[in-house]
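# Notes for the structure review
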Amino acid sequence: MSRTGVLFVCLGNICRSPTAEGVFRRKLAQRPELEALLEVDSAGTAAYHVGNSPDSRSSAMAARRGYDLSMLRARAVDPVDFDRYRYILAMDQQNLVNLQALRPSGFSGHLGLFLDFAGKRNAEVPDPYYTSGERGFEEVLDLVEAASDGLLAHLEAELLR
Ligand code: 4NP
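Described below are features of the structure shown in this document. (Residues numbered from 1 in each chain as written. Predicted model: local features only at pLDDT ≥ 70, side-chain atom pairs only at ≥ 80, totals over all residues. Heavy atoms only, no water.)

## Notes on the environment of G22
For G22, the location among the structural elements is in helix α1 (residues 16–29). Between the C-alpha atoms of G22 and S70, which are 48 residues apart in sequence, the distance is 9.3 Å. When neighbours within four sequence positions are excluded, G22 is seen to be in contact with Y67, L69 and L72. (Helix = DSSP H or I, 4+ residues; strand = E, 2+ residues; numbered from the N terminus. Contact = heavy atoms within 4.5 Å.)

## Considerations on the packing of aromatic side chains
Evaluation of the coordinates by the stated rule reveals five aromatic pairs. On the numbers, 5.1 Å between centres and 90 degrees between planes, the contact of F82 with F107 is edge-to-face. Of this pair, F82 sits in helix α4 (residues 81–84) while F107 is found in the loop between α5 (93–102) and β4 (110–113), placing the two residues 25 residues apart along the sequence. Judged by its relative accessible area of 8%, F107 is buried. When the centroid spacing of 4.8 Å and the interplanar angle of 85 degrees are considered together, the rings of Y129 and Y130 count as edge-to-face. (Phe/Tyr/Trp six-rings, centres within 6.5 Å; stacked < 30°, edge-to-face > 60°. Buried < 20%, exposed > 50% of the residue type's maximum accessible area, 1.4 Å probe, protein only.)

## Examining the sheet that holds strand β2 (residues 38–44)
Read across the sheet, four strands follow the order β2-β1-β3-β4 without closing on themselves; strand pairing throughout is parallel. Edge positions in the sheet fall to β2 and β4, since each has one partner strand and no second. For this sheet, the mean inter-axis angle between neighbouring strands, taken without regard to orientation, is 20 degrees. For strand β3 (residues 87–90) and β4, the ladder comprises four bridges, and the chain directions are parallel. Across the sheet, the residue bridging to I88 is L111, located in β4. Across the face of the sheet, α5 comes into contact with β1 (4–10), β3 and β4 while running at roughly 155 degrees to β4. (Pairing = 2+ DSSP bridges. Axes fitted to C-alpha atoms, helices over the stretch in contact; angles between N-to-C directions.)

So, in structure tokens, the structure goes:
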């Protein structure tokens, strides 16, 4: 059986979406039955940072909460992602619009905002890249943790019951 793909998408794939990938992967590791059914990755709609490690501020703030982002490297969204990933989850509205423009007509998966899974309609994970302080990165982590819990519950209900 092919695995269900979950792809987290932001602009640069160095702040928000790698944070989402790292948080979601660690939570998923506590649910091996579900982990075996999923393929998880992240990507950016822009290619400025391809090949780079996550932003050092994202990595440091994530590490404080026990999430390791060090193995992640930025890549750009590729049209074949619509074949491999059934859940394509955008961090904000602009990235969702960019993804909708790439969406092939035959895509039957879920393309939407990640924070829908935190029970927040039309809510965005704010871009922390140009903020000087730590607060923006903490907010990203808070939002991503909440949405990851919601997404895990959703996937458990869909795939394990
Ligand atoms: P991300 O943050 O989309 O959460 O990875 C950004 C990273 C880089 C840039 C913008 C946002 N940039 O303009 O280089």
